[in-house]
Amino acid sequence: MMESICTNHNCVRYLSTLIIMISGLFQVGHAQTDAQFAQYYEAPTYYNPAAVGQTDNIKIRGGARLQWLGITNAPKSFLITADSPFKVLNKRVGAGLVLFQESIGLYRTLSLNAQAGYKFKKWGGEFTAAINIGFYDQSFKGSEVVLPDDDNYHQGTDDAIPTQDLHGTAFDIGAGIWYTHKRFWTGISATHLTSPSVKLNTETGDASSNRDYEFNVGRTLYFMAGCNIPIKNTLFEVLPSVLVKSDFTFTTGEITGRIRYNKFLQCGLGYRLNDAVMVIIGAEFKNFYLGYCYEYPTSILGRSSAGTHELFAGYSLKLDLGDKNRNRHKAIRIM
């Protein structure tokens, strides 16, 4: 029977649609919705708003993740983050923006969040408590759904699968705590605290046939930690880090180990539990950053692909938050 199904010329498109339906859209959907970037340490504010303003730089990062190349309708994720420290009433604070877009099959997700954090010194380091506020936008291209009806194995209509384009937006909020020390950093956060419900709807022209679909964005907890360990009498340092996340039903995590030379070149390996192993390379030069990661999948679905590629690029602009240099400028002749 399975062989007969898969020889149908519409089988691939049908299975892709079926996977999409299972992952999030019936009358009510529940899913773990945040993307899993392998270079999470370069864009920590995506997972924890309290990571804003951890250095004296305006830090900008952009990332693209192409997952499971070779599989039709595989996830494609794009991320832009920007954050910076400030001083307000002589108190150090942080602020940031996070823009995220992802497509999975017929789904499109867009989120935009503004972040603000308050900082205070303690135990030889700096704590930051922060929130992010924004919106979560979801759409579904129901007009592109294909349900074969030319054999005995498929049903051409299904009330649970919309055939019209759907769209909805919901308010979203998250919070986190971050601690930075000279040699290590760590943080815990929660995204989608209100578990926003995105009501997807469409106007068909016939009021009696209008239907609403609902997508629940699940709360997710994150724990992140990392450190830098100098190798004595060398220009090398070891940079281990870990990311763990849970939506109270499913928990996963990954561990990464990198070696950096002269704060310039770096390379490393990573492992995500029951999902993939990673090879990472990167370089920093005059405030520019460029990093690449290749993931070799260990899951059954991923083995059918050519793997996952991820690229991050960014720039950091040095700020001077000290009072001693306030109102001081270089002469034009030496600028």
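Before reading on, note that the structure itself is shown above.
Since the structure is predicted, the reported quantities are computational estimates derived from the model, not experimental observations. (Residues numbered from 1 in each chain as written. Predicted model: local features only at pLDDT ≥ 70, side-chain atom pairs only at ≥ 80, totals over all residues. Heavy atoms only, no water.)

J.: Break down the pattern of salt bridges for me, with residues and values.
T.: Side chains that differ in charge, positive against negative, can pair when their charged atoms come close. Taken as a whole and assessed by the stated rule, the structure comprises 14 salt bridges. Among the salt bridges present, the one from Arg92 reaches Glu126, with a minimum N-O distance of 3.1 Å. Taken together, the residues span a long stretch of sequence, with Arg92 in strand β4 (residues 91–104) and Glu126 in strand β6 (residues 125–140) at a distance of 34 residues. Each member of the pair, Arg92 together with Glu126, is buried. The salt bridge involving Glu284 is made with Arg260; its shortest N-O contact spans 3.1 Å. Of this pair, Glu284 sits in strand β16 (residues 276–285) while Arg260 sits in strand β14 (residues 251–261), and the two are 24 residues apart along the sequence. The exposure class of Glu284 is partly exposed, given its relative accessible area of 25%. What emerges from the salt-bridge pattern is a single network uniting Arg65, Glu254, Arg272, Asp275, Glu295 and Glu310. (Salt bridge = Lys/Arg side-chain N within 4 Å of Asp/Glu carboxyl O. Helix = DSSP H or I, 4+ residues; strand = E, 2+ residues; numbered from the N terminus. Buried < 20%, exposed > 50% of the residue type's maximum accessible area, 1.4 Å probe, protein only.)

J.: So what's going on with the pairing of strand β8 (residues 184–191)? Which residues, and what values?
T.: Relative to β8, strand β7 (residues 166–180) runs antiparallel, the two sharing 6 bridges. When the bridges of β8 are listed, Ala175 appears paired with Ala190. Two elements, β8 and strand β11 (residues 220–227), share 8 bridges in a ladder whose sense is antiparallel. Across the sheet, the residue bridging to Ala190 is Leu221, located in β11. (Pairing = 2+ DSSP bridges.)

J.: How would you summarise the environment of Cys293 if you had to cite specific residues and measurements?
T.: Topologically, Cys293 is positioned in strand β17 (residues 288–297). Residue classification places Cys293 among the buried residues on the basis of a relative accessible area of 0%. Cys293 has contacts with Ala38, Gln39, Met278, Val279, Ile280, Thr308, His309 and Glu310, leaving out every residue within four places of it along the chain. (Contact = heavy atoms within 4.5 Å.)

J.: I'd like a description of the packing of aromatic side chains, backed by residues and values.
T.: Applying the stated criterion to the full structure yields 17 aromatic pairs. Taken together, a centroid distance of 5.6 Å and an interplanar angle of 70° make the contact between Trp123 and Phe127 edge-to-face. Owing to a relative accessible area of 16%, Phe127 belongs among the buried residues under this scheme. By way of ring pairs, the aromatic residues Phe37, Tyr46, Tyr47, Phe100, Tyr222 and Phe312 are connected into one cluster. Note that Arg258 overlies the ring of Tyr41, its terminal NZ or CZ placed 3.6 Å from the centroid. (Phe/Tyr/Trp six-rings, centres within 6.5 Å; stacked < 30°, edge-to-face > 60°. Lys NZ or Arg CZ within 6 Å of the ring centre and 35° of its normal.)

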